Amino acid sequence: MGHLYKKMIFNKKIHIEDKLISATSPTFVIAEAGVNHGGDMVIAKQLIDLAVRAKADAVKFQTFKAEHLILNDIQKAPYQKDTTDASESQYDMLKRLEVSREQNLDLKQYCMDKGIVFLTTPFDEESLEEIDELDLPAYKVASTDTTNLPFLKKIAKKGKPIFLSTGMSYLSEVRLALETIYEYNKDVVLLQCTANYPIQDNEANLAVINTYRDNFDILLGYSDHSVGVGAAPFAIPMGAKVVEKHFTINKDDEGPDHAASLSPDELIAFVKTVRRVDTYMGSEIKEPSLSEQNTRKSLQKCMVSSQNIKKGDLFTNDNLVAKRTGGIGISPIDYESIIGIKSHKSYKKNEVISID
């Protein structure tokens, strides 16, 4: 383990508007609308409505200028060819999916009116500057930019919390990304991610969350591209405090991400499952719960005489035994404290032992 990143201690409490992300906070759920609006802002607002109905904490879109993001003759990724017109270039597809500054401003206001956090991922420097003017509460960095150190530095200098996805990356690259950000910004959530759409179950690699916890002193999360409700709820017991999941209005719509996204009903089920896991997680303090207090009295044992004991006899392992007494008497956890003591009274078999 290297010395530099060992010394990096990121903030463990991050505020996103009125939401707190910390070790003890509820899981922060990002409903990833992405580009599933298809360039239609009416659909974008319907996606926001769905995220609100599902009770997600935030809804996230993507902001880019195709000419700054990609060369114009680059082929689509394999999953994009499967879900869109394979003869269309990646550039032309992205051009159709751009969201302008004015549209983002409208979507932000719509989210404010609906009471949900608006986020969008910048994919290029011009888009970053446009988003910066919107004064959003955080930045999401897509996996495509985990290795884009100059861009990470610019984002870090904005001074806003960062959700850093790490699909397609090696641990050494993640370390370099964090070192780049750390000089300027300590509010970072590190997200394990596998960047395919969708992924096979054996590609979720939730165990990487353990690797991140062992290597970096930072809040953790999981950006989930598995099928259905999928892997994200299982990441929560491993320490994920942020989960992200794509969703759509119609999985059969044409577009690069629809097929790998949650349906409306699935998004609702996803958030409910996350909240249920949060409830299951409960408290880190090991103590009897409120409902256990009476059960404890009924089921835990106390010391009783296993045979008749005369006054003045010594208490021994042979004349004492633990039985359920309704919570009356000396717990067997303290039995050694009475072994060898003279009995101050006579006991018949099965009488509760008391020490005055």
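Above this text is the structure in question.
Here's a quick rundown of the structure.

### Digging into the nonpolar core
If you look at the biggest cluster of nonpolar residues, it comprises 62 residues, and the most contacted ones within it are L164, L178 and F247. Residue contributions to this core peak at 7 residues, all from helix α2 (residues 41-54). Those residues within four positions of L178 in sequence are excluded, and the remaining contacts are M8, F10, L164, V188, L190, F216 and I218. Counting 14 residues, the second largest nonpolar core, distinct from the first, contains I21, V117, A138 and L191.

### Remarks on the sheet that holds strand β10 (residues 240-246)
Sheet architecture is open: 8 strands sit in the order β5-β4-β3-β10-β9-β8-β7-β6, paired in parallel fashion. Either end of the sheet is taken by a strand with one partner, and the two such strands are β5 (117-122) and β6 (139-141). In this sheet, neighbouring strand axes are inclined to one another by 25 degrees on average, regardless of whether the strands run parallel or antiparallel. Bridge count between strand β3 (residues 28-34) and β10: 5 bridges; the pairing is parallel. Paired with F28 across the bridge in β10 is V242. Lying on the sheet, helix α6 (residues 101-114) is in contact with β4 (58-63) and β5; it crosses β5 at an angle near 150 degrees.

### Remarks on the pattern of salt bridges
Between side chains of opposite charge, pairing is possible as soon as their charged atoms come close. Scanning the model with the defined rule gives 17 salt bridges in all. The salt bridge involving K12 is made with D217; its shortest N-O contact spans 2.7 Å. Residue K12 is found in the loop between α1 (3-6) and β1 (14-16), and its partner D217 is found in the loop between α10 (207-215) and β9 (219-224); the two are separated by 205 residues along the sequence. Taking relative accessible area as the criterion, K12 reaches 32% and is therefore assigned partly exposed. Looking at D217, the relative accessible area reads 34%, which means it is partly exposed. In this structure, the salt-bridge partner of K158 is D132, at a minimum N-O distance of 3.5 Å. Of the two residues, K158 is situated in the loop between α8 (149-156) and β7 (162-165) and D132 in helix α7 (residues 125-134); the sequence distance between them amounts to 26 residues.

Reading guide: rules and limits
- Residues numbered from 1 in each chain as written.
- Predicted model: local features only at pLDDT ≥ 70, side-chain atom pairs only at ≥ 80, totals over all residues.
- Heavy atoms only, no water.
- Core = buried A, V, L, I, M, F, W, Y, C linked by side-chain atoms within 4.5 Å.
- Buried < 20%, exposed > 50% of the residue type's maximum accessible area, 1.4 Å probe, protein only.
- Helix = DSSP H or I, 4+ residues; strand = E, 2+ residues; numbered from the N terminus.
- Contact = heavy atoms within 4.5 Å.
- Pairing = 2+ DSSP bridges.
- Axes fitted to C-alpha atoms, helices over the stretch in contact; angles between N-to-C directions.
- Salt bridge = Lys/Arg side-chain N within 4 Å of Asp/Glu carboxyl O.

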